[in-house]
Structures are given as C-alpha cells and as structure tokens.
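Results of the structural survey
These are the residues of each chain, in order.
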Amino acid sequence: MSLSVGPIQSYVPGSTWFDLAKYSSLGTQERVSLNLSESNLWLIDSSDLYLPYNYAPRIAFINEGAGYQSPISMTANGATSGAVTVFSNLSGSNSILPSANAPLRIGDWVQVSEVLAGTQLNFSVKPNGVVNANATSLSTDYRLNPTSAYNPNSPIFWAAYADPKATKPLLLLAYEDIVGRGSDNDFNDGILAVDVGEENFWAIFTRANLGQDATINLKDAQPVPLEMHSALGLLVIGAIALMRRGSWWKQTLFPIGTQTPNS
C-alpha cells in the first residue's frame, strides 16, 4: 500500500484536530528550556514511531525557528511502504523567524493516506533543501545521521514528545537542522504535531516513553550499521540499553532553545 499526502489545510480554531494555542509557545523563545512536567509533555524515542494499528496520520506545522527553507519527508516501512514529502518548505509567514514569501502559516496541516498496521514511520528534514537539493537529510532514524564534534547530541537531530493529556493525544517532533559549525543544538528549527490515532499513540507512549527526567542524556548514543537491524527498524541495541538506564536523553537538550540562535 503506497503513501500519499493531501493538500495543505488551514487551522480553524475549535474545529481542527489539535489545539494550536496549547503549543503556540513552543519554539518562540531561544535559549529557554522546556519544562516537561509543567507542560505535561513526555520525552519519547523519536526513532520508535511504529504503528501497530491502521490509521491515516495527520501532520501539522507548529513553528519554525530557522532561516532555512527545508523540505520535510516521511517514510514508511512494513505493511505500508514508500516515501512522501509532507511539507515541501517548512517556512512560515508568521513563525518565530517569518519569511514574507513562506508557503505556510502556523497551524497548517496535511492528511496522509492510511498506513496499515505493522508499519514503521520515520521523518526527515533536508536542511535548506529548497536551495540546496544535495543537502544531507537528517532522520528520526538516527542510524542514518552523521556525527559531529559541534553536535554533542549527534547522531540525534530530532526530539520527540508525547502529550497524553491532549483532547486527542498526539506526538510533537522538533529538530536541529545544522550538523557542523554554527549549530546551537536547540531543537526548535522546525516543530510538528503528529496525530497517529489514539491506539497507536498509546502503543508508542507505552513502548517508547523516556519519562520527564531532567538527568536523561543522549550524548553517548552512536549510530550502528544498518545491516545489524531488521527491516522493521529495531532500535540500536547499545542505545536502547543506555536509554532504559535513564542515561540517554537530557531535558535541557530538548529545550526547544538552549544556546545561541542559529539560522
């Protein structure tokens, strides 16, 4: 079963599937840490977006704090396979770093075709890919990503959160878009909301939840050759061991703003 993405739809207060006001402050201030417990968000493993139930996901643009014009893609592996462009240019005319000619406004969203049970989803950003089509994509599947001395969190370039107390529980994804010199590791260069359906949400939340522990750190995560893993995208063995010991992710790593602003 192949993938497709519908046209961009505008946010309508009170009738769209998520509450934009609840997330409108995310990414609006650089160098400000996200308090997970106060915001009722839980850190989850961004590489473990495995759907055990059929569902047609919905994906929304929440904010972006980058000057780049970056395409966002989604791949599916398993019962449904393929790749689609979710947003051809994640730039907003009213985002934290607005662009006059940007194609999006905060809250814009798209409907993805049905994804069958037994499918692994991964998201990727191609930093400034509208300008540089040869740019290297950065994936939620961190095994595909480079490491860099300028990114203490690499090969992790995506943070993921779960909001179990939302009227419709959903996931939030946020990325850092600079690999080398100039990176600020703020994970607010693009922020998405993802609806995978309540059954899939709770399956992911139960399986991939990393808690609200501010001591969790991911700096020791390392990429592992892909041939060591099955087609279903099993987690990196060494990384999962670190993660489950509570030493893999750090709250201030996903501040949605920690150091000096980048692009």
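Residues numbered from 1 in each chain as written. Predicted model: local features only at pLDDT ≥ 70, side-chain atom pairs only at ≥ 80, totals over all residues. Heavy atoms only, no water.

**So, unusual backbone geometry**
For the record, the criterion: Only DSSP runs of H or I reaching four residues or more are called helices, and only runs of E reaching two or more are called strands; each is numbered from the N terminus. Buried means the residue's accessible area, taken with a 1.4 Å probe over protein chains only, is under 20% of the maximum for its type, while exposed means over 50%, and partly exposed covers the values in between.
With an omega of 15°, the peptide bond between Ser 154 and Pro 155 qualifies as cis. Note on placement: Pro 155 falls in the loop between strand S8 (138–139) and strand S9 (158–163). With a phi close to 55°, Asn 128 is a non-glycine residue in the positive phi region. Positionally, Asn 128 belongs in the loop between strand S7 (119–125) and S8. A relative accessible area of 19% places Asn 128 in the buried class.

**Quick look at the environment of Leu 170**
The condition is simple: Two residues qualify as a contact provided that any one of their heavy atoms is within 4.5 Å of a heavy atom in the partner residue.
With respect to the helices and strands, Leu 170 occurs in strand S10 (residues 170–175). Taking the C-alpha atoms as reference, Leu 170 lies 6.9 Å from Ala 193; in sequence the two are 23 residues apart. Residues contacting Leu 170, with those up to four places away along its chain left out, are Trp 17, Phe 18, Tyr 23, Tyr 161, Ala 162, Asp 163, Ala 193, Val 194 and Phe 201.

**Regarding the pattern of salt bridges**
Using the following cut-off: Salt bridges, as used here, are contacts in which a Lys or Arg side-chain nitrogen is within 4 Å of a carboxyl oxygen on Asp or Glu.
As enumerated under the stated definition, the model contains four salt bridges in all. When the shortest N-O distance is used, the salt bridge between Arg 143 and Asp 141 registers 2.8 Å. Residue classification places Arg 143 among the buried positions, given a relative accessible area of 13%. With a relative accessible area of 10%, Asp 141 lands in the buried category.

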